[in-house]
Amino acid sequence: MMVLPRAVLVVTIIVFALLSHGNAIRSLPDKLACGGGDEARIEFGMSMRFSEAPEYQNGPKCAVLVRNGMILACDPLVVQIAMTIDLEYLRGTVAAVHSVLKHTSCPENIFFHFIASDSSLVDMAELTRIVQSTFPSLSFKVYVFKESIVNDLISSSVRRALENPLNYARSYLADILEACVKRVIYLDSDIIVVDDIQKLWSVSLTGSRTIGAPEYCHANFTKYFSVEFWSDLEFSEVFAGKRPCYFNTGVMVMDLVRWREGDYTRKIEKWMEIQKERRIYELGSLPPFLLVFGGDVEAIDHRWNQHGLGGDNVVSNCRSLHPGPVSLLHWSGKGKPWTRLDARRPCLVDYLWAPYDLYKPHDQPHHHHHYRKQKQQQLIYSSRAL
C-alpha cells in the first residue's frame with residue numbers, strides 16, 4: 001500500500017470524504033441512555049435504522065463454500081470474525097462489518113460471530129433482525145454473554161466505558177463460540193478495515209503462540225501496572241525471561257484450540273481477582289491480556305491496527321494517522337467518530353469512517369446538507385493551512 005506525504009494525505013482525506021455519501025449524523029435519543037423496559041425497546045425500533053448495504057460477492061478465485069444458500073460456521077476455510085454488539089456501539093459495529101465486506105476479495109466466505117450482553121435493552125431477535133436487514137446475504141450468529149460471569153471480577157477503571165462487562169467477552173470466546181470454531185479474528189466495534197481481511201486471516205501463529213496482534217515495543221510497558229505490582233516479585237516475575245511489549249486487544253488473531261488447551265480464560269480471571277484485592281493496574285480488560293500473553297505474542301504488521309484515533313482515555317482529542325501504510329483504522333480512546341460527527345466537531349480522521357456509516361436518521365436531508373457544507377469548509381481551511 002502506498003504511503004502518502006502528510007500534506008497530500010490531509011487533502012486526500014477531505015476530498016475522499018466529499019466524494020462519499022455518508023449517512024451519519026444524529027445521536028441516539030436520550031431516552032435510550034437512561035430508559036429501560038418496553039418503552040426503550042419501542043423507541044429503539046423506531047429510531048435506529050440502517051440503509052441496506054450493497055451486496056458484495058466473491059471474486060472468481062474464491063473457494064465455493066456456500067451450501068444450500070449458506071456457509072457453515074465450522075468450515076475450516078471460512079474466515080471467522082468475532083465482535084461484540086450492543087446499543088451504544090451498534091452504529092460502529094455496522095460500519096465495521098460494512099468495511100470488511102467492501103474490501104475483502106471473498107465476502108461470501110466470512111462468518112461473523114456477534115456477542116451480545118444478556119442485559120442489553122435490545123434482545124437477540126431484534127439485533128438479528130437489524131443485522132439481517134442491513135446485510136441480507138451475511139452469514140452470522142448472535143450469541144448471549146452472561147454478564148454475571150464477570151460482574152464480580154471487574155474493577156473500576158480510568159474511564160467508565162472500560163468497565164462495561166461486554167468488554168470482557170473477548171476473554172470468553174473459546175467458551176461462547178462452538179467448539180468446532182478453532183480460530184477467530186477478534187475486532188472491536190470502533191474500527192474500519194480498508195484492506196482484504198483475508199490477509200490478516202492468513203497470519204500464522206508460530207510455535208505455541210495463542211494470539212497474534214500488532215506489538216508496540218517502543219511504548220513504556222511499565223506504565224500499564226502500578227508501583228506495587230513492580231515492587232512485588234511474586235507479580236513481576238510473570239515477565240521473567242520475556243520481552244513483553246504493549247499490544248492493543250481490539251484486533252487479535254486467536255487460536256481457540258490452544259486457548260482452550262491452555263485454559264487462558266481462567267488465567268485471565270485469576271489476574272482480575274488479584275486486581276480486586278491489590279489494585280495492580282488501571283485499564284480495564286487490557287492488562288490481564290498483557291499479563292498472560294506479554295512476551296509471547298505473534299507480532300502482526302502495524303498496518304493492521306492504527307489505534308488511538310479516539311484520543312486518550314480521558315480526552316477526545318484529535319490524532320493523525322501513524323506513519324506507514326494502513327489496513328485497519330481503530331478509534332480506541334474516548335472519542336468515537338460517530339459521536340464527533342453528530343456533534344459537528346469531527347477530527348480529520350473521522351471523515352475516513354463516515355463513508356461506511358449506514359445509519360439512517362429521521363432528519364437525514366437536513367443533516368446531510370449541514371454535513372456536506374461542513375466538509376467543504378474543512379477542505380478550504382485545510383488547503384489554506386498547507
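Residues numbered from 1 in each chain as written. Predicted model: local features only at pLDDT ≥ 70, side-chain atom pairs only at ≥ 80, totals over all residues. Heavy atoms only, no water.

**Student:** Sorry if this is basic, but what is going on with the pattern of salt bridges here?
**Tutor:** Pairing between side chains of opposite charge can happen when their charged atoms approach one another. In this structure the tally under the stated criterion is 16 salt bridges. Two residues, Arg278 and Glu228, come together in a salt bridge whose shortest N-O distance is 2.6 Å. Highlighted residues: Arg278 in helix 11 (residues 264–278) and Glu228 in helix 8 (residues 227–231), separated in sequence by 50 residues. Accessibility expressed as a relative area gives 31% for Arg278, which makes it partly exposed. Between Arg266 and Glu269 there is a salt bridge, and its shortest N-O distance comes to 3.6 Å. Here Arg266 pairs with Glu269, and both are found in helix 11, just 3 residues apart, close to one helical turn. Each of the salt bridges in this network shares a partner with another, and the network as a whole consists of Arg91, Asp342 and Asp357. (Salt bridge = Lys/Arg side-chain N within 4 Å of Asp/Glu carboxyl O. Helix = DSSP H or I, 4+ residues; strand = E, 2+ residues; numbered from the N terminus. Buried < 20%, exposed > 50% of the residue type's maximum accessible area, 1.4 Å probe, protein only.)

**Student:** Any chance you could explain helix 5 (residues 124–134) here in plain terms?
**Tutor:** Because an α-helix completes one turn every 3.6 residues, residues spaced three or four positions apart along the sequence face the same direction. Burial in helix 5 covers these residues: Glu126, Leu127, Ile130, Val131 and Thr134. What you see down the axis of helix 5 is that its buried residues fit within an arc of 130 degrees, all on one side. (Arc of directions from axis to C-beta.)

**Student:** When you look at the environment of Phe225 in this model, what are you seeing that I'm missing?
**Tutor:** Within the secondary structure, Phe225 is located in the loop between strand 7 (215–216) and helix 8. Using a relative accessible area of 6% as the deciding quantity, one classes Phe225 as buried. Sequence separation of Phe225 and Leu290 is 65 residues, and the distance between their C-alpha atoms is 9.9 Å.

**Student:** Just to check I follow, could you spell out the environment of Leu348 for this structure?
**Tutor:** Note that Leu348 resides in the loop between helix 13 (337–342) and helix 14 (350–353). On the basis of relative accessible area, Leu348 is assigned to the partly exposed category, the value being 27%. Sequence separation between Leu348 and Arg319 is 29 residues; the distance between their C-alpha atoms is 8.5 Å.

**Student:** Please explain the nonpolar core as it appears in this structure.
**Tutor:** Generally speaking, soluble globular proteins have nonpolar side chains that are buried together. Counting 47 residues, the largest nonpolar core has Ile115, Phe225, Phe247, Met254, Trp259 and Phe293 as its most contacted members. Here the element with the most residues in this core is helix 12 (residues 286–293); it accounts for 6 residues. Each residue touching Trp259, except ones within four places of it in the same chain, is listed here: Ser171, Ala174, Thr210, Ile211, Met254, Tyr264, Thr265, Ile268, Phe289 and Phe293. Residues Val94, Val97, Trp201 and Leu328 belong to the second largest nonpolar core, which totals 43 residues. (Core = buried A, V, L, I, M, F, W, Y, C linked by side-chain atoms within 4.5 Å. Contact = heavy atoms within 4.5 Å.)

**Student:** Explain the confidence of the model for the protein here, please?
**Tutor:** Should pLDDT be low for a region, the predicted coordinates there are not to be read in detail. Chain-level pLDDT for the protein is 84 on average; 80% of the residues reach the 70-or-more range. Contacts from residues 365–374, a stretch scored under 50 in pLDDT, to residues over four places away or in other chains number 17 contacts. When the criterion is pLDDT under 50, residues 376–386 qualifies, and its contacts beyond four places in sequence or with other chains add up to 12 contacts. (pLDDT = per-residue confidence, 0-100.)

**Student:** It is not clear to me how the state of the cysteines should be interpreted in this structure. Could you clarify?
**Tutor:** Joining two cysteines, a disulfide is a covalent bond between their sulfur atoms. Applying the stated rule across the entire model yields 4 disulfides. Between the sulfur of Cys62 and that of Cys106 lies a disulfide, 2.0 Å long from S to S. Negative torsions about the S-S bond denote left-handed disulfides, and the value of about -95 degrees found for Cys62 with Cys106 makes this one left-handed. Note that Cys62 is positioned in the loop between helix 3 (37–47) and strand 1 (79–84) and Cys106 in the loop between helix 4 (90–103) and strand 2 (110–117), a separation of 44 residues in sequence. No difference in accessibility class separates Cys62 from Cys106, as the two residues are buried. Across a sulfur-sulfur distance of 1.9 Å, Cys217 and Cys245 are joined as a disulfide pair. Across the S-S bond of Cys217 and Cys245 the torsion is about 100 degrees, and the bridge reads as right-handed. Residue Cys217 is located in the loop between strand 7 and helix 8, and its partner Cys245 is located in the loop between helix 9 (233–236) and strand 8 (246–247); the two are separated by 28 residues in the primary sequence. Among the residues examined, Cys217 registers a relative accessible area of 35% and is labelled partly exposed. (Disulfide = S-S within 2.5 Å.)

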